[in-house]
Amino acid sequence: MLQESHVVTISRFLIDEERKYPEAKGAFTGLLSDIALAAKVIGREVNKAGLVDILGGAGQENVHGEYQQKLDVFADQVMYRALDHTGLVACMASEEHEHFIPIPEKFPAGDYVVLFDPLDGSSNIDLNVSIGTIFSIHRKCTDGERGTLEDCLQPGCRQVASGYVLYGSSTMLVYTSGTGVHGFTLDPSIGEFILSHPDMRIPNPPKKVYSVNEAYFTRWSEEQQKLVSHLKNEGGFGSRYIGSMVADVHRTLLQGGLFMYPPERSRPDGKLRLLYEAAPMAFIIEQAGGRASTGTQNIRDIQPTELHQRVPIYLGSRELVELAEEMLANTSPMSSS
Ligand code: P6P
């Protein structure tokens, strides 16, 4: 007896979605397909990283002075080469490049702007901890034929789509284009991403889990310290922190809870990047019924001023993010405890 469930590949899903928009010309479908291809290529190398001499540092630092792993460099190149020649992209930006990335003159340019962290959590590569690729897609907003820095510096509320690829016990691609969140699991035996998590929603009530690096407790504000103390004492919350954003956000999407990267006295904007980490994840979480805030404002409302600017992050179950905002503003009855 054939299973009732049908095998839907990401290509089939994108074509079916495209049919809902008679004016669509297939550009978005092509763009997501190109990103899915890049994900397969990156995943192939990530999953065999322990077996070939691709481990270890690339012997160079990236724009942030971070020790660059070879896989970072590889993933960045794969994303670039998947998108540079298609005629769908106006320009790109990557965590691994200080400046925005124009489309070479020899290739046609398109309407989409793709911002990405090619391999987030790369410090975990040698530890076989799940890592990920994060992408954010905007439409070009300037009049010129080719994209500019201004096209990259758009607020998260203007994203056309966003998503991530999680290279974990399986390789998953999760994305939203504003009509829900959809998850696809790679079947390596056929090289296809199969729809495994249609219309993902953060469960309510959420699992009572908070996710933050508590080693930084003494660096936090008193309100932040009270928030975490409240969650684990009066709130009876458990703690889960992988230290790889895509993995921590994916767990929060599936189970609910509160993921935080708070501001610190020496790092008032925290560590995570707005354009290609916070904003794309915020779109996903909000589309799944959650909330994503800096602790004082909605992440998707921020008007970026720099490609690599950082923001504090509180995302996950709506009521938990709102509790965090109240306690950080000292307006919650729990703040006095
Ligand atoms: P910390 C990984 O290096 C990363 O960029 C994110 O994936 C992760 O959420 C964060 O940094 C972890 O930072 O300071 O807790 O090690």
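Quick look at the structure, then. (Residues numbered from 1 in each chain as written. Predicted model: local features only at pLDDT ≥ 70, side-chain atom pairs only at ≥ 80, totals over all residues. Heavy atoms only, no water.)

This part covers the overall build of the protein. Per the secondary structure count, the protein includes eight helices and 15 strands. The C-alpha radius of gyration of the protein comes to 20 Å, within 12% of the 20 Å expected for a compact globule of 337 residues. Along the first, second and third principal axes, the C-alpha atoms of the protein reach 60 × 55 × 45 Å. Counting all 337 residues of the protein, 54% fall into the buried class. For the protein, the share of sequence-separated contacts (at least 6 apart) that also reach a separation of at least 24 residues comes to 62%. Element-wise, carbon and sulfur atoms account for 51% of the exposed surface of the protein, whose accessible area totals about 14,800 Å². One way to put it: in the protein the 30 positive side-chain charges average out to a point 3 Å from where the 43 negative ones average out. (Helix = DSSP H or I, 4+ residues; strand = E, 2+ residues; numbered from the N terminus. Rg over C-alpha atoms; globule rule 2.2 N^0.38 Å. Buried < 20%, exposed > 50% of the residue type's maximum accessible area, 1.4 Å probe, protein only. Contact = heavy atoms within 4.5 Å. Areas by Shrake-Rupley, 256 points an atom, 1.4 Å probe, with all protein chains shown as cover. Lys, Arg positive; Asp, Glu negative; His and termini not counted. Charge placed at Lys NZ, Arg CZ, Asp CG, Glu CD.)

As a further point, take the packing of helix H1 (residues 10-18) against helix H2 (residues 27-47). It is the contact of H1 with H2, at a shortest axis distance of 10 Å, that shows an interaxial angle of 165 degrees. Classed by the angle they form, the pair H1 and H2 counts as roughly antiparallel. In the packing of H1 onto H2, the handedness of the crossing is right-handed. Each of Ile10, Leu14, Ile15 and Glu18 in H1 lies in contact with H2, whose residues at this interface are Phe28, Thr29, Leu32, Ser33 and Ala36. Among the residues making up the contact of H1 with H2, the classes are represented as six nonpolar, two polar and one charged. (Axes fitted to C-alpha atoms, helices over the stretch in contact; angles between N-to-C directions. Parallel < 35°, antiparallel > 145°, perpendicular 65-115°, else oblique. Left-handed = near helix turned anticlockwise from the far one by under 90°. Nonpolar A, V, L, I, M, F, W, Y, C, P; charged D, E, K, R; others polar.)

Below, the discussion takes up the site of the ligand. Near the ligand, the surroundings consist of Asp120, Gly121, Ser123, Asn213, Tyr216, Tyr241, Gly243, Ser244, Met245, Tyr261, Lys271 and Leu272. A distance of 2.9 Å is found between an oxygen atom of the ligand and a side-chain nitrogen or oxygen belonging to Lys271. Its free accessible area being 400 Å², the ligand has 84% of it covered by the protein chains. Looking at the shell around the ligand, its residues break down into five nonpolar, five polar and two charged. Looking at which domains feed residues into the shell around the ligand, each of domain 1 (10-197) and domain 2 (209-328) gives three or more. (Near = heavy atom within 4 Å. Polar contact = N/O pair within 3.5 Å; in protein donor to acceptor, adjacent residues only side chain to side chain. Domains from an automatic or database assignment.)

With respect to the secondary-structure elements, Asp117 resides in strand E5 (residues 112-120). Of the side chains bearing the opposite charge, Arg273 lies closest to the buried Asp117, which forms no salt bridge; the N-O distance is 7.3 Å. Excluding residues that lie within four positions of it along the chain, Asp117 makes contacts with Glu95, Gly132, Thr133, Ile134, Tyr276 and Glu277. (Salt bridge = Lys/Arg side-chain N within 4 Å of Asp/Glu carboxyl O.)

Another aspect to go through is the packing of H2 against helix H3 (residues 70-83). Where H2 meets H3, the closest approach of the two axes is 9 Å, and the angle between their N-to-C directions is 155 degrees. Considered as vectors, H2 and H3 are oriented roughly antiparallel to each other. H2 and H3 meet at a crossing whose hand is right-handed. Taken together, the residues of H3 that come into contact with H2 (itself represented by Leu31, Asp34, Ile35, Ala38, Val41, Ile42, Glu45 and Val46) are Leu71, Phe74, Ala75, Val78, Met79, Ala82 and Leu83. Its residues assigned to classes, the contact of H2 with H3 comprises 13 nonpolar, no polar and two charged.

Once that is clear, we can look at the sheet that holds strand E4 (residues 101-102). The eight strands lie next to each other as E4-E3-E5-E6-E7-E8-E9-E10, forming an open sheet whose pairing is mixed. Edge positions in the sheet fall to E4 and strand E10 (192-197), since each has one partner strand and no second. Most of the contacts of H3 go to E5, to which it runs at about 160 degrees, and overall it touches strand E3 (89-94), E4, E5 and strand E6 (131-139). (Pairing = 2+ DSSP bridges.)

Let us now look at the sheet that holds strand E14 (residues 291-293). One open sheet holds the five strands; their spatial order is E12-E11-E13-E15-E14, and the pairing between them is mixed. At either margin of the open sheet sits one strand with a lone partner, and together these are strand E12 (238-239) and E14. One ladder, built from two bridges, connects strand E11 (residues 209-211) with strand E13 (residues 258-261); its direction is parallel. The residue of E13 that forms the bridge with Ser211 is Phe259. Along the sheet, helix H5 (residues 222-232) contacts E11, E13 and strand E15 (313-316); its crossing angle with E13, the most-contacted strand, is approximately 155 degrees.

On to unusual backbone geometry. With omega at 5 degrees, the peptide bond leading from Asn204 into Pro205 counts as cis. You can see Pro205 is positioned in the loop between E10 and E11. Notably, Asn128 is not glycine yet its phi reads approximately 60 degrees, a positive angle. Tracing the backbone shows Asn128 in the loop between E5 and E6. We classify Asn128 as exposed; its relative accessible area is 73%. At Asp199, a residue that is not glycine, the phi angle is positive and equals roughly 45 degrees.

Membership of the largest hydrophobic core comes to 46 residues, with the highest contact counts inside it found for Tyr164, Leu253, Met260 and Ile313. Among the elements of the structure, strand E7 (161-167), strand E8 (171-176), H5, helix H6 (245-255), E13, helix H7 (274-287), E15 and helix H8 (318-328) are those that each provide at least two residues to this core. With seven residues, the single largest contributor to this core is H7. Viewed by domain, this core spans two of them, domain 1 (10-197) and domain 2 (209-328), each represented by three or more residues. Ignoring anything within four residues of it in the chain, the contact list for Tyr164 reads Thr133, Ile134, Phe135, Met172, Leu173, Val174, Val246, His250, Leu253, Met281 and Ile284. One finds Phe28, Ile35, Ile125 and Phe184 within the second-largest nonpolar core, a separate group that totals 43 residues. (Core = buried A, V, L, I, M, F, W, Y, C linked by side-chain atoms within 4.5 Å.)

Note that all results are geometric; they support no functional claim without further evidence.
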